[in-house]
Amino acid sequence: MNEQALVSKVWNYAHVLRDDGVSYGDYLGQISFLLFLKMDKERAEALGEASALPADANWDTLAGKAGESLEVTYRCILDTLSKRTDIVGTLFLKAENKIGDPAKLQRLVTLIGAETWMGMNVDVKGTIYEGLLERNAGEVKSGAGQYFTPRPLIEVITQLVDPEPDDTVHDPAVGTGGFLLAAYDHMKAKTKAQDKRVAKALREDKLSGTDIVAEVVRLCAMNLYLHGIGGATSPVQQKDALLDRGDKAFDVILTNPPFGKRQSFRIVREDGGIDSERQDYVRDDFTVTTGNKQLNFLQHIMSILKVSGSAAVVMPDNVLFEGGAGEALRKRLLDEFDFHTLLRLPTGIFYSAGVKANVLFFDRATPGTGIATKDLWVYDLRTNQRFTLRERPLKRADLDDFVTSYGSKYGRAKRVETERFHRYGYEELAKRDKLNLDLFWLKDASATDPDTLPPPAEIAAEIVDSLETALEKFRLVALKLAGGRATSWCRKRDQVNLVAIAVYRINPWFGP
């Protein structure tokens, strides 16, 4: 059975389980658990060694079980393995059985057990699992799948940053591991076949990542494991990178952090009312204190990047123009880092409609050497470009002109301006109001031709995004006016007014 057929076979069963309330993400988790149990048995048999797992928590423990006995045994296995501190513990992080019907659990065990997974090439196993992850992202329009980075974009970013086999590569918002896998393939291709020391270090020590969601960490750990990446411990950890900086710095950072603008939490007052409080991250290594999640991720990346290290970060538009903390952080980025390239991404390439994002390429300069950014080169892949996930997905060829314009990391002095690639000197940028780096120059055909307008879903998503930003600003004003606490009446009034504004923007005839 080829890999695509196997993906379809395993994935189709997810539809049956979904009818029983098992989400696609939970289904992928169960596949991860059972895959590892089966492959551990196959590896032990192939090497003539005992299983690395306890005798009461391996694949053979499930053999011959059915009905309630299978469910109880499976639950006990997950509980036992989730308490381990090695790579197995990461693969079974906070694991629990989400399949309540023993008959369907037995069917999934049969599906996994019918294949000889260790007989497959490592790349094939990884491709199968990546296929499942991508299908999950396509079905789940929120959470981990919402901003699932297109593979062609990941591959191009990695190619241009060009990590070397001895570099340490980190992703502080690792998701399912797309950037780490691309970096591994790129670095592995540069490793000499006879240099086993470098190859071993690349597999076990050079790649790392973190994510705040346990389920996502499990999926990523399995994805890397199936590609042959990892040692005694997993290269990915569950933690909030913004709260726990760690003590390491890295040569290369490749990441697409979550796009939610504000970090907040809800509290219940003594009178039973609910307040939404903004969570600001206060760290000694942060230049500004803000509740903006993207700005905090950018600060975190700037902090953990080694001198002369390189970063490529996917960020939404608001990072380029937001005032206050945003302006201060952009000044630091230009002054202390060589922010040499900005790629304006087209809409329609993410699973969430209307997302406007960019890739920021920058290197950390040696302190005390003056203004680090001499020129910022901006490539506009957005204006008059329309992509969709189904009819016209982003392909590698769509990025060829950008790759050519970018050149090598050693040949930036030879860059030339084109219709879509423009140079902005530091002096020109410094004169812009609030150091706004939302730079564009091409004429947008949609301004004059209705046929080129974005789909209604994108327009609606942009309105919602604008409303959420405006609502956050109104809340901050209300907090100040109320002496540090906004009343529920103020919040309701602001929401009503904002809804009225939204209605008016959509259809002016509803206005006054």
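The shown structure was predicted, so the numbers you read here are calculated from the model rather than taken from an experiment.

Procedures and definitions
- Residues numbered from 1 in each chain as written.
- Predicted model: local features only at pLDDT ≥ 70, side-chain atom pairs only at ≥ 80, totals over all residues.
- Heavy atoms only, no water.
- Helix = DSSP H or I, 4+ residues; strand = E, 2+ residues; numbered from the N terminus.
- Buried < 20%, exposed > 50% of the residue type's maximum accessible area, 1.4 Å probe, protein only.
- Contact = heavy atoms within 4.5 Å.
- Pairing = 2+ DSSP bridges.
- Axes fitted to C-alpha atoms, helices over the stretch in contact; angles between N-to-C directions.
- Polar contact = N/O pair within 3.5 Å; in protein donor to acceptor, adjacent residues only side chain to side chain.
- Salt bridge = Lys/Arg side-chain N within 4 Å of Asp/Glu carboxyl O.
- Core = buried A, V, L, I, M, F, W, Y, C linked by side-chain atoms within 4.5 Å.
- Phe/Tyr/Trp six-rings, centres within 6.5 Å; stacked < 30°, edge-to-face > 60°.
- Lys NZ or Arg CZ within 6 Å of the ring centre and 35° of its normal.
- pLDDT = per-residue confidence, 0-100.

In this section: the overall build of the protein chain. The helix and strand inventory of the protein chain stands at 18 helices and 11 strands. Here the protein chain holds 512 residues, and the buried ones make up 50% of them. Long-range contacts, defined here as pairs at least 24 residues apart, represent 74% of the contacts in the protein chain between residues at least 6 apart.

A few words on the sheet that holds strand E9 (residues 357-364). Reading across from one edge, E3-E2-E1-E4-E7-E9-E8-E10-E11 is the order of the 9 strands in this open sheet, with mixed pairing throughout. Whereas interior strands pair on both sides, the edge strands pair on one side only; in this sheet they are strand E3 (236-238) and strand E11 (421-425). Across the sheet, the axes of successive neighbouring strands diverge by a mean angle of 15°, strand direction being ignored. For strand E1 (residues 169-171) and strand E4 (residues 250-255), the ladder comprises 2 bridges, and the chain directions are parallel. Of the residues in E4, the one forming a bridge with histidine 170 is isoleucine 253. Strands E1, strand E2 (207-211), E3 and E4 of the sheet are contacted by helix H9 (residues 178-190), whose axis makes an angle of about 175° with E2. Set on the sheet, helix H11 (residues 214-226) makes contact with E2 and E3; between it and E3 the angle comes to about 170°.

The next subject is the environment of histidine 300. Here histidine 300 shows up in helix H12 (residues 293-304). When the C-alpha atoms of histidine 300 and proline 172 are compared, they prove to be 8.7 Å apart, with 128 residues separating the residues in sequence. Contacts of histidine 300, omitting those with residues within four sequence positions, involve Pro172, Ala241, Leu242, Arg245, Arg283 and Phe286. Here arginine 283 takes part through its side chain, which lies 3.2 Å from a polar atom of the side chain of histidine 300.

What follows deals with the pattern of salt bridges. For the structure shown, the criterion picks out 27 salt bridges. With its nearest N and O atoms 3.8 Å apart, the salt bridge here joins aspartate 244 to lysine 239. You can call aspartate 244 partly exposed: its relative accessible area is 38%. Note that aspartate 338 is salt-bridged to arginine 412, the shortest N-O span being 3.9 Å. One end of the pair, aspartate 338, is in strand E8 (residues 337-344); the other, arginine 412, is in the loop between helix H15 (400-406) and E11, and 74 residues separate them in sequence. Given the relative accessible area of 22%, aspartate 338 is considered partly exposed.

A few words on the pairing of E9. Counting buried residues along E9, 7 of its 8 residues qualify, which places the element largely inside the surrounding structure. Here 7 bridges tie strand E7 (residues 305-316) to E9, and the two strands are oriented antiparallel to one another. Bridging from a neighbouring strand, methionine 315 pairs with asparagine 358 of E9. As defined by bridge partners, E8 adjoins E9 across 7 bridges and the pair is classed as antiparallel. From the neighbouring strand, aspartate 338 faces E9, where its bridge partner is aspartate 363.

The next thing to look at is the nonpolar core. Generally speaking, soluble globular proteins have nonpolar side chains that are buried together. Membership of the largest hydrophobic core comes to 96 residues, with the highest contact counts inside it found for Phe92, Ile157 and Phe361. Per element, the largest residue contribution to this core is 10 residues, and it comes from helix H2 (residues 24-47). The residues touching phenylalanine 92, leaving out its near neighbours within four places in the chain, are Phe33, Phe36, Leu37, Leu78, Leu81, Ser82 and Arg218. Among the nonpolar cores identified, the runner-up in size contains 36 residues, and Tyr281, Leu334, Leu342 and Leu360 belong to it.

Once that is clear, we can look at the packing of aromatic side chains. Inspection of every chain in the model, using the stated rule, returns 11 aromatic pairs. Each ring, one from tryptophan 377 and one from phenylalanine 421, has its centre 5.0 Å from the other, and the planes form 35°; the classification is tilted. Residue tryptophan 377 is found in strand E10 (residues 375-380), and its partner phenylalanine 421 is found in strand E11; the two are separated by 44 residues along the sequence. In this structure tryptophan 377 comes out as buried when scored by relative accessible area, which is 9%. Aromatic rings pair up to connect Phe361, Trp377, Tyr379, Phe402, Tyr406 and Phe421 into one cluster. It is arginine 392 that lies over the ring of phenylalanine 387; its NZ or CZ is 4.2 Å from the centre. Across the ring face of tyrosine 406, the terminal group of arginine 415 is positioned such that the distance to the ring centre comes to 4.7 Å.

For the protein chain, per-residue confidence averages 83 on the pLDDT scale, and residues scoring 70 or more make up 81% of the total. Overall, residues 142-146 carries pLDDT values under 50, and its contacts beyond four positions in sequence, including any with other chains, amount to 9 contacts. In this model, residues 263-269 is a region of pLDDT below 50 whose contacts with residues beyond four sequence positions or in other chains number 27 contacts.

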